[in-house]
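Given next are the chains, with one letter for each unit.
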Amino acid sequence: MKNENDTSASTKEACILAIESSCDETSASICVGGKILSNFIANQTVHEQYGGVVPELASRAHMQHIVPVVDAALKTANTSLENIDAVAFTQAPGLIGSLLVGAQFAKSLSLALNKPLIAVHHMQAHVLANLIAEPKPSFPFLCLTVSGGHTQIVLAASPYNLKVIGETIDDAAGEAFDKTAKLLGLPYPGGPLIDKYAKEGNPLAFKFAEPQIPEMNFSFSGLKTSVLYFLQARKLEDEQFIQKHLPDLCASVQHTIINILIKKLKKAVKQTGINRVCIAGGVSANSGLRNALTSTGEKEGWQTFIPSFQYCTDNAGMIAITAYYKYLAGDFAELDISPTARAEW
Ligand code: KG4
Ligand code: ZN
């Protein structure tokens with residue numbers, strides 16, 4: 001179905017409404033001329049008791065949140081639907097039921113307002129979150145994108161040319177945080193809690209094996225198993241082992257994950273000769289990783305870039321900035337576009 005809509009807005013000053021609903025955060029953002037005016041995020045707490053995101057519950061929560069979240073984003077930006085020049089949404093990857101809520105909402109709005117629709121890839125948006133605030137990296141740059149479902153090193157040659165040059169062969173870094181947190185008896189999502197307890201612990205208290213994976217690829221499933229066996233053995237000697245050593249355990253696990261990530265980044269810089277290095281995705285909110293990137297950058301002579309916290313975990317601001325570049329390029333979607341759970345890029 002052709003989207004015969006009005007694209008008459010002065011391109012550079014375009015006002016874009018963006019929606020993100022790929023997993024368990026419902027978010028809406030307003031971006032005018034490449035500046036984010038609002039980024040409203042509604043978290044779903046319903047999943048905590050299940051130890052992970054329950055897709056059916058996530059879709060239902062998106063249905064409840066989407067109208068108030070879009071309203072809040074418009075109000076915070078001091079604008080209204082009449083001023084919107086384009087509607088953007090996360091098309092892939094993600095939970096299909098969650099994606100469908102955002103996609104249907106965006107498509108309906110695009111049709112009703114007679115404004116173009118922009119489909120955004122969630123992982124590209126995580127990378128381009130680094131273009132939201134000054135100082136921005138100039139192209140080309142490298143980005144370590146670490147989230148609950150992905151761990152990638154991306155070479156960004158331009159906003160339109162992003163290439164994955166390394167990725168995990170099994171679990172993502174966020175999964176490594178969440179799964180080890182579960183072994184330590186912490187609720188989902190465990191990443192932020194490991195970060196919190198790690199601040200009071202010794203990162204060298206316990207040693208966990210780091211995998212030897214070729215090129216710029218990663219593996220995290222072995223870490224989870226190694227933590228599991230380690231805890232099983234220690235608990236045989238002392239039932240209270242985890243409770244007594246929680247900060248040291250968190251600090252040591254976090255230290256191992258960060259070491260694996262930073263080693264591969266060093267390899268990527270060496271191999272590509274590009275020393276502008278960004279991080280992105282939920283795990284880039286981790287204070288240990290943020291500090292490690294900054295200190296490695298100082299030692300190695302890299303320029304480093306880290307998005308502010310609100311643009312690390314899932315948010316519509318990153319969808320809006322990506323949509324802005326797509327608007328400039330005239331890259332619009334048709335109204336019969338469907339979201340997809342998986343998407344190569
Ligand atoms: O990007 P994101 O919000 O959603 C996905 O697209 O997956 O990432 C979520 C992941 C979860 O695994 C969560 O535990 C992790 O990011 N995370 C953290 C921190 N904040 C979020 N991991 C470690 N330290 C944090 N501070
Ligand atoms: Zn994400």
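Residues numbered from 1 in each chain as written. Chains lettered and ligands numbered in written order. Predicted model: local features only at pLDDT ≥ 70, side-chain atom pairs only at ≥ 80, totals over all residues. Heavy atoms only, no water.

Turning our eyes to something else, we now look at the site of ligand 1. Around ligand 1, a shell composed of 19 residues is seen, among which Gly148, Asp178, Asp195, Gly282 and Asn286 lie nearest. For ligand 1, an oxygen atom lies 2.6 Å from a polar atom in the side chain of Asp178. Separating a nitrogen atom of ligand 1 from a side-chain N or O atom of Asp195 is a distance of 2.9 Å. Taking 550 Å² as the accessible area of ligand 1 by itself, protein coverage stands at 89%. Going through the elements one at a time, helix H3 (122-128), helix H4 (173-183) and helix H5 (191-198) are the ones with two or more residues in the shell around ligand 1. Both domains that furnish three or more residues to the shell around ligand 1 are identified here as domain 1 (15-129 + 312-328) and domain 2 (138-306). (Near = heavy atom within 4 Å. Polar contact = N/O pair within 3.5 Å; in protein donor to acceptor, adjacent residues only side chain to side chain. Areas by Shrake-Rupley, 256 points an atom, 1.4 Å probe, with all protein chains shown as cover. Helix = DSSP H or I, 4+ residues; strand = E, 2+ residues; numbered from the N terminus. Domains from an automatic or database assignment.)

Per the stated rule, a full pass over the model turns up 8 salt bridges. Across the pair Lys224 and Asp171 runs a salt bridge whose closest N-O atoms are separated by 3.3 Å. Highlighted residues: Lys224 in helix H6 (residues 221-237) and Asp171 in the loop between strand E8 (161-167) and H4, separated in sequence by 53 residues. According to the relative accessible area criterion, Asp171 is buried, its value standing at 10%. Ionic contacts of the salt-bridge type, sharing partners, join the residues Asp171, Glu175, Lys179 and Lys224 into one network. (Salt bridge = Lys/Arg side-chain N within 4 Å of Asp/Glu carboxyl O. Buried < 20%, exposed > 50% of the residue type's maximum accessible area, 1.4 Å probe, protein only.)

Residue placement: Val32 occurs in strand E2 (residues 25-32). The class of Val32 is partly exposed, set by a relative accessible area of 26%. C-alpha separation for the pair Val32 and Val253, spaced 221 residues apart in sequence, amounts to 41 Å. When residues no more than four places from it in sequence are discounted, the contact partners of Val32 are Glu13, Ala14, Cys15 and Leu37. (Contact = heavy atoms within 4.5 Å.)

By domain assignment, the chain separates into domain 1 (15-129 + 312-328) and domain 2 (138-306). Roughly 1400 Å² of surface becomes buried between domain 1 and domain 2 when both sides are summed, with 74% attributable to carbon and sulfur atoms. If you sort the residues of domain 1 by the area they bury against domain 2, Met123, Val127 and Cys312 come out on top, with a joint share of 41%. At the junction of domain 1 and domain 2, the tally comes to 0 salt bridges. Of all the elements in the fold, those that place two or more residues in the side of domain 1 that touches domain 2 are H3 and helix H9 (316-328). It is H3 that provides the largest number of residues to the side of domain 1 that touches domain 2, a total of 5 residues. Partitioned by chemical class, the residues of the side of domain 1 that touches domain 2 number 8 nonpolar, 5 polar and 3 charged. (Buried area = accessible area lost by both parts, 1.4 Å probe. Nonpolar A, V, L, I, M, F, W, Y, C, P; charged D, E, K, R; others polar.)

The final tally for this structure, using the stated rule, is 8 aromatic pairs. Between Phe206 and Phe241 the ring centres are 5.8 Å apart and the planes differ by 65°, which places this aromatic pair in the edge-to-face class. With a gap of 35 residues between them, Phe206 in the loop between H5 and H6 and Phe241 in helix H7 (residues 241-272) connect regions that are remote in the sequence. The exposure class assigned to Phe206 is buried, which follows from its relative accessible area of 12%. The class of Phe241 is buried, set by a relative accessible area of 5%. Put simply, the rings of Phe206, Phe208, Phe230 and Phe241 pair up and form one aromatic cluster. (Phe/Tyr/Trp six-rings, centres within 6.5 Å; stacked < 30°, edge-to-face > 60°.)

Its 22 residues place the ends of helix H1 (residues 55-76) 29 Å apart at the C-alpha level, agreeing with the 32 Å of an ideal helix rising 1.5 Å per residue. Considering bend angle alone, the principal kink of H1 is centred on His65 and spans about 40°; proline Pro68 follows within four residues of it. Taken residue by residue, H1 has Ala58, Ser59, Ala61, His62, Ile66, Val69, Val70, Ala72, Ala73 and Leu74 as its buried positions. Following H1 by one or two positions, Asn78 has its phi on the positive side, about 55°. (Expected span 1.5 Å × (residues − 1). Bend = angle between axes of the 7 residues up to and from the residue.)

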